Amino acid sequence: TNICYNEAGNFSVTLTVANEHGSDTLIQKKFITVLPAPQISLEDIYILNAGDSLIIDAGYFPKYLWSTGDTTQSIAITEAGKYSITVYSDNGCSFMHEFLVDTQYELIFPNIITPNGDGFNDNFEIQFIEKYLKNSLVVYNRWGNKVFEQSNYDNSWNGENLSEGTYFYVFKYDKKTYQGSLTIIR
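Worth saying up front: this structure is predicted, and the values here are computed from it rather than measured.

A. Region of the structure containing the sheet that holds strand β10 (residues 135–140). Ordered by their spatial adjacency, five strands build an open sheet running β9-β13-β12-β10-β11, and the pairing between neighbours is mixed. Strand pairing shows two members of the sheet lacking a second neighbour, β9 (112–113) and β11 (146–151), which therefore form its edges. Across five bridges, β10 lies against β11 in antiparallel orientation. Across the sheet, residue V138 finds its bridge partner in β11, namely E149.

This is the structure:
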């Protein structure tokens, strides 16, 4: 009991006895049945939106041990990091799965800036931009002319000498593109 094997299936057993008078062999077909080891259907990487929690459910098993110390079927994760879960079968066999939780910050774009020097909405400030340093921002006027462009945008643009009105931006990082409109009010 409680012997765990890597391969499930039915196996034959061969017993050979020998002494000075000779030998004899007995074969028992399908004598040992090895049940499959427990398996977990979890991803290797999960994405957690900043400020949210992520529920990871390991499925049904008789016993659990998470790297957090929890012994429940599911846990709530609120921080990025490396985690693992070990599940156990009724016969004591175990299976361990490691996974990574990475945080994704949803960029938030303003739709109005008021560059009047009062310290509020003076710049086109994209929330969580510091998490995506390799980016680019291009701003166009209503006729499609480029009025601003910056690689590795750092939230410093304030509409510099542009008149009030609606402008359009294209923000890119990695393979993602965000487009929207922006109104400047002075």
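B. Up close: unusual backbone geometry. Despite not being glycine, K30 has its phi angle at roughly 45°, a positive value. Summarising the element assignment, K30 is placed in strand β2 (residues 22–34). One non-glycine residue, N161, lies in the positive phi region at around 65°. With respect to the element layout, N161 can be found in the loop between β11 and β12 (165–173). Relative accessible area serves as the criterion here: at 79%, N161 is assigned to the exposed category.

C. Focus on a nonpolar patch on the surface. On the surface, a nonpolar cluster with roughly 270 Å² of combined accessible area is contributed by F11, F31 and I32. When its relative accessible area of 55% is taken as the criterion, F31 is described as exposed.

D. Just the nonpolar core, in detail. F124, W157 and F171 are the most contacted members of the largest nonpolar core, which has 20 residues in total. When residues of this core are traced back to their parent elements, those giving at least two are β10, β12 and β13 (176–184). It is β12 that provides the largest number of residues to this core, a total of four residues. Apart from residues lying up to four places away in sequence, W157 is in contact with I113, N123, F124, V139, F148, L162, L182 and I184.

E. Up close: the sheet that holds strand β3 (residues 45–49). If you trace the four strands from one edge of the open sheet to the other, you get β3-β8-β7-β5, paired in mixed fashion. Each edge of the open sheet carries a strand with a single partner, namely β3 and β5 (63–66). Each strand axis lies, on average, 25° off the axis of its neighbour in the sheet, ignoring direction. As paired strands, β5 and strand β7 (residues 81–88) are joined by four bridges and run antiparallel to one another. Paired with L65 across the strands is T86, a residue of β7.

F. Fine view of the environment of V138. With respect to the element layout, V138 can be found in strand β10. With 34 residues separating them along the chain, V138 and K172 place their C-alpha atoms 8.9 Å apart. Those residues in contact with V138, other than ones at most four positions away along the chain, are K146, F148, E149, F168, Y169 and V170.

G. The pattern of salt bridges, seen in detail. A full pass over the atoms with the stated rule returns two salt bridges. Linking K82 and E98 is a salt bridge whose minimum nitrogen-to-oxygen distance equals 3.8 Å. On the criterion of sequence distance, the pair formed by K82 in strand β7 and E98 in strand β8 (residues 94–104) is long-range, its members being 16 residues apart. Under the relative-accessibility criterion, K82 is labelled exposed at 63%. One salt bridge in this structure joins E149 and K146, with 3.0 Å as the shortest N-O distance. Since its relative accessible area comes to 48%, K146 is described here as partly exposed.

H. Molecular detail of the side chain of S89. Mapped onto the elements, S89 comes out in the loop between β7 and β8. Look at S89 and you get buried, because its relative accessible area is 18%. Apart from the residues within four sequence positions on either side, S89 is in contact with P38 and P62.

What counts and what doesn't
- Residues numbered from 1 in each chain as written.
- Predicted model: local features only at pLDDT ≥ 70, side-chain atom pairs only at ≥ 80, totals over all residues.
- Heavy atoms only, no water.
- Pairing = 2+ DSSP bridges.
- Helix = DSSP H or I, 4+ residues; strand = E, 2+ residues; numbered from the N terminus.
- Buried < 20%, exposed > 50% of the residue type's maximum accessible area, 1.4 Å probe, protein only.
- Patch = residues over 30% accessible without salt bridge, like charges linked within 9 Å, V, L, I, M, F, W, Y side chains within 5 Å.
- Areas by Shrake-Rupley, 256 points an atom, 1.4 Å probe, with all protein chains shown as cover.
- Salt bridge = Lys/Arg side-chain N within 4 Å of Asp/Glu carboxyl O.
- Core = buried A, V, L, I, M, F, W, Y, C linked by side-chain atoms within 4.5 Å.
- Contact = heavy atoms within 4.5 Å.
- Axes fitted to C-alpha atoms, helices over the stretch in contact; angles between N-to-C directions.

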